[in-house]
Amino acid sequence: TYADRALKANPYSERALCSRVDALVELGRYDDAARAADTADARRPGVPVFTRYAYVRELRGDVDTARRVLDQALAAASSPGDVAYVATQLGRLAWSQGEYPAALRHYARALAADDAYLPALEGRARARAASGDEDGAVADLEAVVARAPLPGPLVALGELYEARGDTAGARAQYALVDAWT
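Source: prediction; values computed, not measured.

## Things to note about the packing of helix 2 (residues 14–26) against helix 3 (residues 30–43)
In step 1: Closest axis-to-axis distance for the helix 2/helix 3 pair is 8 Å, and the angle between their directions is 165°. Judged on the interaxial angle alone, helix 3 and helix 2 are roughly antiparallel. Between helix 2 and helix 3 the crossing geometry is left-handed. Across the interface between the two elements, L17, R20, V21, L24 and V25 from helix 2 touch Y30, D32, A33, A36, A37, T39, A40 and R43 from helix 3.
In step 2: Tallied by class, residues from the contact of helix 2 with helix 3 come to nine nonpolar, one polar and three charged.

## Digging into the pattern of salt bridges
In step 1: Evaluated as defined, the whole model comprises 15 salt bridges.
In step 2: Here R92 and E58 are joined by a salt bridge, their closest N and O atoms 2.9 Å apart. A residue pair is termed long-range when its members are at least 10 positions apart, and R92 in helix 6 (residues 80–96) and E58 in helix 4 (residues 47–59) qualify at 34 residues.
In step 3: Between R126 and E122 there is a salt bridge, with the nearest N and O atoms lying 2.8 Å from each other. One end of the pair, R126, and the other, E122, are both in helix 8 (residues 118–130), four residues apart, so they sit about a helical turn from each other.
In step 4: On the basis of relative accessibility, which here comes to 30%, the residue R126 falls in the partly exposed class.
In step 5: The network of salt bridges with common partners includes R124, R128, D133 and D140.

## Quick notes on helix 5 (residues 63–76)
In step 1: Given a rise of 1.5 Å per residue, 14 residues ought to cover 20 Å, and the 20 Å separating the end C-alpha atoms of helix 5 matches this to within 8%.
In step 2: Residues V63, T65, A66, V69, L70, A73 and L74 constitute the buried set of helix 5.
In step 3: The secondary structure elements touched by the buried residues of helix 5 are helix 4, helix 6 and helix 7 (100–113).

## Things to note about the packing of helix 7 against helix 8
In step 1: It is at 9 Å that the axes of helix 7 and helix 8 come closest, and there the two elements cross at 155°. Accordingly, the angle class assigned to the pair helix 7 and helix 8 is roughly antiparallel. The handedness of the crossing between helix 7 and helix 8 comes out as left-handed. In contact with Y100, A103, L104, Y107, A110 and L111 of helix 7, helix 8 contributes A120, L121, G123, R124, A127, R128 and A130.

What counts and how
Residues numbered from 1 in each chain as written. Predicted model: local features only at pLDDT ≥ 70, side-chain atom pairs only at ≥ 80, totals over all residues. Heavy atoms only, no water. Axes fitted to C-alpha atoms, helices over the stretch in contact; angles between N-to-C directions. Helix = DSSP H or I, 4+ residues; strand = E, 2+ residues; numbered from the N terminus. Parallel < 35°, antiparallel > 145°, perpendicular 65-115°, else oblique. Left-handed = near helix turned anticlockwise from the far one by under 90°. Contact = heavy atoms within 4.5 Å. Nonpolar A, V, L, I, M, F, W, Y, C, P; charged D, E, K, R; others polar. Salt bridge = Lys/Arg side-chain N within 4 Å of Asp/Glu carboxyl O. Buried < 20%, exposed > 50% of the residue type's maximum accessible area, 1.4 Å probe, protein only. Expected span 1.5 Å × (residues − 1).

Set out below in structure tokens:
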């Protein structure tokens, strides 16, 4: 509703166009989200719109188009923040397809652009874990939770500790999750 109001005032507002796509995705209205992404792309192409367009395509099972759009967004990214964000989205897409070496390459590119970008560090940890590099995954997740002790990374770190036989370390992470929630 708010995005629609904003678009009545300015049909080319990048924030309103993106907010509308996000809201429709979260409401599960994927056909509407796809149309909104097409509209946003026609009115205001750029990194924020491209990443949403790619996500809508991924949700509809069109991973090839999602990857192609993200590759184009990465080529268009001009700031370190945009490079880190888009490369992380490419890493997440590769990880979700079981393409762990590709995911690690994308996360490396994201972290080269911004070594403090936590979503890339967390993504790299998950790709490392999936690739069998438990030590690297633990190191990355420890760095993530040191800066942002949120439930997702805390649980993932607890699970890695558990897999290594460190039940005390795992319990400590789970206790933090309990305290957080």
